[in-house]
Amino acid sequence: TRSQTVGIISDTGNISERDSQFWQQLAIEFHERDVSVVIISGGLKASDIGRLELADFQVYYGLLPSVKNNISKPSNWHFTSNDNPILEICSHYFLIQHNLGINLQGKTEVEMIKLIREESKQYQHIDIVVCGGIHDALFEEQQDVMIINPGDARNHRKFVTICFPRCEVTFSAVRLGTNKI
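What you see is a predicted model; the values in this text were computed from it and never measured.

Novice: Help me understand the overall build of the protein in this model?
Specialist: Counting its secondary structure elements, the protein contains five helices and eleven strands. Counting only C-alpha atoms, the protein reaches 45 × 40 × 30 Å along its principal axes. Burial status across the protein gives 48% buried among its 181 residues. For the protein, the computed accessible surface area is about 9000 Å², with 45% contributed by carbon and sulfur atoms.

Novice: Explain the pairing of strand β6 (residues 92-97) here, please?
Specialist: The side chains of a regular strand alternate, first on one face of the sheet and then on the other. Most of β6 is tucked away: five of the six residues are buried. The pairing of strand β5 (residues 86-89) with β6 spans four bridges and is classified as antiparallel. What sits directly across from Glu88, in β6, is Tyr93. Here β5 folds back onto β6 in antiparallel fashion, the turn holding two residues, of which Cys90 has a positive phi close to 55°. Inspection of the sheet shows β6 paired to strand β7 (residues 128-131) by four bridges, in the parallel sense. When the bridges of β7 are listed, Leu95 appears paired with Val129.

Novice: It is not clear to me how helix α2 (residues 22-32) should be interpreted in this structure. Could you clarify?
Specialist: Given 3.6 residues per turn, any residue in an α-helix points the same way as the ones three and four places further on. The element α2 is largely enclosed, with a buried count of nine among its eleven residues. Downstream of α2 by a residue or two, Asp34 has a phi angle that is positive, lying close to 60°.

Novice: Would you take a moment to explain the nonpolar core for this structure?
Specialist: The tendency in soluble globular proteins is for nonpolar side chains to be buried side by side. Counting 21 residues, the largest nonpolar core has Trp23 and Ile40 as the members making the most contacts within it. When residues of this core are traced back to their parent elements, those giving at least two are α2, β2 (35-40) and β3 (58-61). With residues up to four places along the chain from it excluded, the contact list for Ile40 reads Ile9, Trp23, Leu54, Val59, Tyr60, Tyr61, Gly62 and Trp77. Residues Val6, Val37, Val160 and Ile162 belong to the second largest nonpolar core, which totals 15 residues.

Novice: Just checking my understanding: could you explain the sheet that holds strand β10 (residues 158-164) for this structure?
Specialist: By way of backbone hydrogen bonds, the strands of a sheet pair with one another, either parallel or antiparallel. On the basis of which strands lie adjacent, the open sheet formed by six strands has the order β4-β3-β2-β1-β10-β11 and mixed pairing. Strands with a single pairing partner mark the edges of an open sheet, and in this sheet they are β4 (77-79) and β11 (168-173). Across the sheet, the mean angle separating the axes of adjacent strands is 20° when strand polarity is ignored. Sheet topology places strand β1 (residues 4-9) next to β2; five bridges connect them, and they run parallel.

Cut-off values and rules
- Residues numbered from 1 in each chain as written.
- Predicted model: local features only at pLDDT ≥ 70, side-chain atom pairs only at ≥ 80, totals over all residues.
- Heavy atoms only, no water.
- Helix = DSSP H or I, 4+ residues; strand = E, 2+ residues; numbered from the N terminus.
- Buried < 20%, exposed > 50% of the residue type's maximum accessible area, 1.4 Å probe, protein only.
- Areas by Shrake-Rupley, 256 points an atom, 1.4 Å probe, with all protein chains shown as cover.
- Pairing = 2+ DSSP bridges.
- Core = buried A, V, L, I, M, F, W, Y, C linked by side-chain atoms within 4.5 Å.
- Contact = heavy atoms within 4.5 Å.
- Axes fitted to C-alpha atoms, helices over the stretch in contact; angles between N-to-C directions.

Just distances and angles here, no functional claims.
This is the structure:
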């Protein structure tokens with residue numbers, strides 16, 4: 001099995017208006033970590049779909065229900081609908097549920113696992129649940145599922161990388177700066 005690294009961000013909101021260097025700096029971080037696939041779990045503004053800074057990556061993105069996906073985009077950008085929120089990467093099945101983070105906030109470990117099992121029972125073989133909607137990062141690992149919320153990219157510049165086949169999870173933040181790729 002060849003190694004592959006997935007980068008995950010969430011809740012980018014109006015980051016482009018707040019920080020014109022964010023996407024470029026994120027691309028630098030992802031290049032340094034050999035990321036090939038990017039998951040944007042939600043909170044993405046329609047105007048950020050197709051960002052040229054992410055041209056070197058396969059990008060899977062979800063949108064909040066209020067945002068329509070009727071924008072032309074480069075071929076490396078793939079919409080993950082709420083009707084079919086499953087991605088297969090390196091033989092691991094990801095369930096992308098942005099708003100699930102809000103439902104998990106404040107729950108005990110047992111309550112979280114029960115909620116995840118309920119949410120994912122319509123799908124088989126879910127290995128990793130990616131959520132968003134809350135500022136704080138979240139990582140919970142049980143026998144059959146890993147729950148990840150990378151944290152808020154808009155306010156805290158947070159992201160996660162997962163390196164396969166080891167399933168090595170690293171939480172980090174996008175550096176400030178004006179480096180060029």
